[in-house]
Amino acid sequence: MHKDIVINGHTIKPGQFLEANLNTYRLPTRTFIEIPVHVFRSIHTGPTALFIAGMHGDEINGIEILRRLIRQGVLQKLVKGSVIVIPIINIVSFISGSRELPDGRDLNRCFPGTQSGSLGSRMAYDLMKEIVPQIDFGVDFHTGGAQINNFPQTRCVFDDEQSLAYANMFSAPFTLNSPYRDKTFRKEASKKGKSILVYEAGESMRFNSLAINEGIKGCLRLLKQMEMLDTNVEERETKLLKESKWVRARMAGLFATHKRYGSSVTKGEVIGYIADPYGDTEIQLKAPESGYIVGVNNQPVINEGDALIHIGVE
C-alpha cells in the first residue's frame, strides 16, 4: 500500500511533485522566513531519500548541487520511491552568508531541538518531527569552513553497515570513517534508525565545479543503486579512509603547499612550508602518515596551531 507523505499539513500522494514549507519563522523585523521543501514521488512503492543542504549559510556548493538536480528534472523520472529535497534548511544564515544563526548558535549543534526553544532549536525540531520519520536514508551536503577546501568525500561510521553501504553506493572519491558528534543532525537521525551520509566538498562561499559535479553524480549513483532511478552515470569505487590526521602549524607565519588536494602523499614527504614574513625563518611541513590529502587550508596567513593539511589514511 502506498503511504502519503505529509509535510506541515500538505499531503503528497504517489506520482505527485509538490513544494511545501517546513514551517514559517518570524524575525524581529516582522519578516517571515519560510523553508521550501520539494517532494518528488513515483507512482511505484519504494524507499524515501532526503537530500538536504545549507545547514550552514555559507556552504553553497551543496545548495547548487540540489538546485541543479531540481532544475534538470531528473527527480521527476523516479521509477520507484520518493525523494525529499531541502536546498536550504538554514535560510536565515544563508541570507547573511554566515555559518552561525543570528544568536551565534550552530544549527548543526541544535538537534534534536525543541518546539519552544531558540530559532535553531525550532528548525531542528521541525526537521526531526516533519521529515525524518518519513525517510529511509539521506545525504546532508556540507563544505569546508574557515578557508578549508575539502576534496569531495562522504563521511559515515564504518561500524554501521547500512551507512557504509550507502556511502559505497554514493561513491565519492573518498569515504572517511567519522564518529558521530553530539547534537548533530546525523547522530540524532541515527537514533531514529535513519542513515544520513555527510557529503563534504569545496570551500565556503565559493563555487567549486569538482565538488558540485561529484555531488550530482553521487546522488544519481545512490538513487540508481537503490533502483529508484534509471540513469547513465559513471561507476567507480570509493577509497575508504579509516582515519585522518591534521598537519598543524608549529609556528605562525605564511603557509604554502605545492601538493594538490586529492593527491597521495607518503610518510615523511615534504608537503609544504611555513615562513615568517621577513625572510628569517622557514620550516618544512612533512606528512605524518602515508595517505591522501582530503582537505587544505587556503588561508596563507596562519597562526600557531592552525589546521593546515588534512590527510586521510586508507
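Preceding this section is the structure that the text describes.
So, here is what we can say about the structure in this document. Note that the coordinates shown come from a computational prediction; the quantities given were computed from them, not determined experimentally.

Right, let's talk about the pattern of salt bridges for a bit. This model, assessed by the stated rule, comprises 17 salt bridges. Glu130 is the salt-bridge partner of Lys129, the closest N and O atoms lying 3.3 Å from each other. Judged by relative accessible area, which is 47%, Lys129 ranks as partly exposed. For Glu130, a relative accessible area of 16% gives the class buried. Measuring nitrogen to oxygen at the nearest pair gives 3.4 Å for the salt bridge that ties Arg206 to Glu203. A residue is classified by how much of its surface remains accessible, and Glu203, at 9% relative accessible area, is buried. Each of Glu214, Lys217, Arg221, Glu234 and Arg236 takes part in a single network of salt bridges with overlapping partners.

Taken as a whole, the largest pocket holds about 780 Å³ of empty space. Lining the largest pocket are 30 residues, and of these Arg99, Arg109, Arg155, Arg181 and Glu200 sit closest to its centre. Mapped onto the lining of the largest pocket, the elements with two or more residues apiece are strand S7 (137-144), strand S8 (148-156), strand S9 (174-177), helix H5 (185-191), strand S10 (195-203), strand S12 (243-248) and strand S19 (307-313). Of the residues assigned to the lining of the largest pocket, the class counts are eight nonpolar, 12 polar and 10 charged. Reported here for the second largest pocket is a volume of approximately 290 Å³. Lining the second largest pocket are 20 residues, with Lys3, Arg41, Gly46, Thr48 and Gln134 sitting closest to its centre.

The next thing to look at is the pairing of strand S17 (residues 291-297). For S17, a buried count of seven out of seven residues is recorded, marking the element as mostly surrounded by other parts of the structure. In this structure, S8 lies alongside S17, joined through three bridges in antiparallel fashion. Its bridge partner lying in S17, Ile148 is registered against Asn297. One ladder, built from two bridges, connects strand S14 (residues 264-265) with S17; its direction is antiparallel. Residue Val265 lies in a different strand from S17, and its bridge partner there is Gly291. Here S17 runs beside S19; their pairing, made up of four bridges, is antiparallel. Bridging across to S19, Tyr292 finds its partner in Gly312.

How each quantity is defined
- Residues numbered from 1 in each chain as written.
- Predicted model: local features only at pLDDT ≥ 70, side-chain atom pairs only at ≥ 80, totals over all residues.
- Heavy atoms only, no water.
- Salt bridge = Lys/Arg side-chain N within 4 Å of Asp/Glu carboxyl O.
- Buried < 20%, exposed > 50% of the residue type's maximum accessible area, 1.4 Å probe, protein only.
- 1 Å grid on protein atoms, 1.4 Å probe; cavity = no way out; pocket = protein on both sides within 12 Å on 5 of 7 lines; lining within 4 Å.
- Points joined across faces, edges and corners; volume = space filled by probe spheres on them.
- Helix = DSSP H or I, 4+ residues; strand = E, 2+ residues; numbered from the N terminus.
- Nonpolar A, V, L, I, M, F, W, Y, C, P; charged D, E, K, R; others polar.
- Pairing = 2+ DSSP bridges.

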